[in-house]
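Chains, contacts and geometry: an overview
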Amino acid sequence: MSITTFLELKNVTRTFSVEQPLLSKAPRELTAVNDVSLRIEKGTTLGLVGESGCGKSTLAKIVAHLLPPSSGDVLLEGESIWHGSREVTHSLPRRIQMIFQDPVSSLNPRKSIGKSIQEALDVHRVGKPRERKKVVTDLLERVGMRAEHYARYPHEFSGGQRQRVAIARSLVLNPDFIVCDEAVSALDVSVQAQVLNLLTDLQTDFGLTYMFISHDLAVVGHVSDTIAVMYLGRLVEFTSTQALFDNALHPYTQMLLEAIPIPVPGRRSIGTPQHGDIPSPLTLPEGCPFHTRCRRVMPVCREVAPQWLEVEKNHHVLCHLYA
Ligand code: SF4
């Protein structure tokens, strides 16, 4: 009996039209996400990592059913979330939730945090009205807040506490999939660790599947079972977290790993500086899009785009070095 993959992305591409420069006749198009295919198994965490502007947030919105792809599809337990039945589409707001980097902008400053969390229960008419407050106060306690915080307002809390509120709100409809988009990037390192541990505990308790997006490979490595590395809209490597940290194949992944700070007593500088600037997605280089920054560039890399290869079992890479 075959087991259906929990979430599957099939050749997902998303383009945007951009304003033409003066006197230019050719329409300009930006490909933010280019032919991305990957799978997430139930109850696991997929980490998606890459520099700012690589298309991670666009992909997050497509997966969270907030932005349609230009082509390709996303299957949730075998059903298309973009071309599936009305029944599937109607279930998505309850099944898929998103946690953003900045909880301040997603919480209404004039509403108590309890009311903000409860709003989704009211809109979807979940449970009896008098029972909803109890659901919310239980959730507040589960994420490390207190029941009496229900009546307090967002400005009364620290950044870490507000992110706990955002997590409680993402859980209130009992989803099975959560997309965390740079969810801990704005927090201090010690608070980051607490929130990451909380997310890990909740995953076990609620049977959640996560897509965890960050520019920081160290953070992604801490919580993920598998990792996808993205560069200028394309996946360049996809494998288990263990394989990626033990044997990264793509020169870009190797560069990200070298940049992870390793504190050494007595040394002021930590981490290795990254090479070169990321090219504009509007003027992508010919051949391999990474060739302008790659230390192992070969003549073929400047002319021919590499193919997506499975080099070892479940270890995929986009690079001529392994062809
Ligand atoms: Fe570097 Fe060539 Fe591999 Fe691109 S294809 S990452 S330029 S070696």
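On a predicted model such as this, the values are computed, not experimentally measured, just so you know.

**Some details on the overall build of the chain**
Across its full length, the chain holds ten helices and twelve strands. The C-alpha atoms of the chain give 21 Å as radius of gyration, which agrees with the globular expectation for 323 residues (20 Å, within 12%). Viewed in the frame of its principal axes, the chain has a C-alpha envelope of about 70 × 60 × 55 Å. If you take every contact in the chain between residues at least 6 apart in sequence, the share linking residues at least 24 apart comes to 63%. A total of about 16600 Å² of accessible surface is found on the chain, and carbon and sulfur atoms cover 51% of it.

**Points about the packing of aromatic side chains**
Counted under the stated rule, the structure contains four aromatic pairs. Between the aromatic rings of Tyr 231 and Tyr 252, the centroid separation amounts to 4.7 Å while the plane-to-plane angle is 55 degrees, which identifies the pairing as tilted. With Tyr 231 in strand E9 (residues 226-231) and Tyr 252 in helix H10 (residues 251-258), this residue pair connects regions lying 21 residues apart in the sequence. Where Tyr 231 meets Phe 290, the ring centres are 5.0 Å apart and the plane angle is 85 degrees; that geometry is what we call edge-to-face. Taken as a pair, Tyr 231 in strand E9 and Phe 290 in the loop between H10 and strand E11 (308-312) lie far apart in primary sequence, 59 residues in all. The pair Tyr 231 / Phe 290 is uniform in exposure class, with both members buried. Each residue in the set Tyr 231, Tyr 252 and Phe 290 is aromatic and connected to the rest through ring pairs, giving one cluster. Against the face of Tyr 150 rests Lys 133, its NZ or CZ located 4.7 Å from the ring centre.

**Focus: the pattern of salt bridges**
By the definition in use, this model includes twelve salt bridges. The residue Arg 95 makes a salt bridge to Glu 77 at a minimum N-O spacing of 2.9 Å. With Arg 95 in helix H2 (residues 86-95) and Glu 77 in the loop between strand E4 (71-76) and strand E5 (79-80), this residue pair connects regions lying 18 residues apart in the sequence. Note on Arg 95: relative accessible area 21%, which makes it partly exposed. By relative accessible area, which is 36% here, Glu 77 ends up partly exposed. A salt bridge links Glu 156 to Arg 152, with the shortest nitrogen-to-oxygen separation between them at 3.9 Å. For Glu 156, a relative accessible area of 38% translates into the label partly exposed.

**Concerning the sheet that holds strand E1 (residues 7-18)**
Here four strands make up an open sheet; going across it, the order is E2-E1-E4-E5 and the pairing antiparallel. Strands at the two margins of the open sheet, each flanked by one partner only, are strand E2 (28-40) and E5. Examined bridge by bridge, E4 and E5 share two bridges and lie antiparallel to one another. From the neighbouring strand, Leu 76 faces E5, where its bridge partner is Glu 79. On top of the sheet, helix H1 (residues 56-63) reaches E1, E2 and E4; it is set at about 120 degrees to E1, its chief contact.

Calculation notes
Residues numbered from 1 in each chain as written. Predicted model: local features only at pLDDT ≥ 70, side-chain atom pairs only at ≥ 80, totals over all residues. Heavy atoms only, no water. Helix = DSSP H or I, 4+ residues; strand = E, 2+ residues; numbered from the N terminus. Rg over C-alpha atoms; globule rule 2.2 N^0.38 Å. Contact = heavy atoms within 4.5 Å. Areas by Shrake-Rupley, 256 points an atom, 1.4 Å probe, with all protein chains shown as cover. Phe/Tyr/Trp six-rings, centres within 6.5 Å; stacked < 30°, edge-to-face > 60°. Buried < 20%, exposed > 50% of the residue type's maximum accessible area, 1.4 Å probe, protein only. Lys NZ or Arg CZ within 6 Å of the ring centre and 35° of its normal. Salt bridge = Lys/Arg side-chain N within 4 Å of Asp/Glu carboxyl O. Pairing = 2+ DSSP bridges. Axes fitted to C-alpha atoms, helices over the stretch in contact; angles between N-to-C directions.

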